[in-house]
Amino acid sequence: MACRISELVIDCADPDRLAAFWSEVLGYVELGREDDGSIEIGPPDTGFGGPQPTLVLSPSSAPRTGKLRLHIDVNATDREQGAELDRLLALGARPADAGQTGTESWHVLADPEGNEFCLLHTRLKPL
């Protein structure tokens, strides 16, 4: 038997802002809030324990130092990469420089708090 990734936890200055952003990016909904200000978002109708991991946006005042050691990759499910890039930028993502050459098939972006993520080229079927 193996493990499954059930949650990804992102420390952030503004959990409400990042929960709203990532909910729009992923089509997630708010699943719950904790007394410490953490917000969990996940797929509608399945939530925690479903086929996709949930995200927990956890408040932190600690400044980020250096490059993230883990980042999220996303793929469009209902449009081509260029159209999805436009949608993500309209939601508040911004281009990020992670040392790419410009010939990559993916786009490196940053969420509203500067956390890098990549929009990959391959279009996936929705779950």
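Note that this is a predicted model, so its numbers are computed, not measured.

About the criteria used
- Residues numbered from 1 in each chain as written.
- Predicted model: local features only at pLDDT ≥ 70, side-chain atom pairs only at ≥ 80, totals over all residues.
- Heavy atoms only, no water.
- Domains from an automatic or database assignment.
- Contact = heavy atoms within 4.5 Å.
- Buried area = accessible area lost by both parts, 1.4 Å probe.
- Salt bridge = Lys/Arg side-chain N within 4 Å of Asp/Glu carboxyl O.
- Polar contact = N/O pair within 3.5 Å; in protein donor to acceptor, adjacent residues only side chain to side chain.
- Helix = DSSP H or I, 4+ residues; strand = E, 2+ residues; numbered from the N terminus.
- Nonpolar A, V, L, I, M, F, W, Y, C, P; charged D, E, K, R; others polar.
- UniProt positions renumbered as here; feature names shortened; annotations may be inferred.
- Pairing = 2+ DSSP bridges.
- Buried < 20%, exposed > 50% of the residue type's maximum accessible area, 1.4 Å probe, protein only.

Partitioning the protein chain into domains gives domain 1 (7–61) and domain 2 (68–126). Between the C-alpha centres of domain 1 and domain 2 the distance comes to 19 Å. The interface is formed by 13 residues belonging to domain 1 together with 12 residues belonging to domain 2. Roughly 1100 Å² of surface becomes buried between domain 1 and domain 2 when both sides are summed, with 71% attributable to carbon and sulfur atoms. One can count 0 salt bridges joining domain 1 with domain 2. Linking domain 1 with domain 2 are 5 residue pairs in polar contact (both at pLDDT 80 or more), by the criterion used here. Of all elements in the fold, only β1 (7–12) and α1 (15–26) reach the threshold of two or more residues within the side of domain 1 that touches domain 2. A per-class count over the side of domain 1 that touches domain 2 returns 10 nonpolar, no polar and 3 charged.

Feature annotation in UniProt places "domain: VOC" (unreviewed entry) on residues 4–122, given in this structure's numbering. When the span residues 4–122 is considered, its composition is 19% helix and 29% strand, and the gap between its end C-alpha atoms is 23 Å.

Before going further, it helps to spend a moment on the pairing of strand β8 (residues 116–119). In this sheet, β8 lies alongside strand β5 (residues 72–74) in parallel orientation, the contact comprising 3 bridges. Bridged to D73 within β8 is C118. Taken together, the 4 bridges between strand β7 (residues 107–110) and β8 define a ladder with antiparallel strand orientation. Bridging from a neighbouring strand, L109 pairs with F117 of β8.

Across the sheet, 4 strands lie side by side as β5-β8-β7-β6; this open sheet has mixed pairing. At either end of the open sheet lies a strand with only one pairing partner, and these are β5 and β6 (94–95). Bridging between β6 and β7 involves 2 bridges; their strand directions are antiparallel. Opposite P95, over in β7, you have L109 as the bridge partner.

Looking now at unusual backbone geometry. Even without being glycine, D45 reaches a positive phi, approximately 75 degrees. As for its placement among the helices and strands, D45 is situated in the loop between β3 (39–42) and β4 (54–59).

Its relative accessible area of 86% is what places D45 among the exposed residues. Residues D45 and Y28, 17 residues apart in the sequence, show an inter-C-alpha distance of 9.8 Å.

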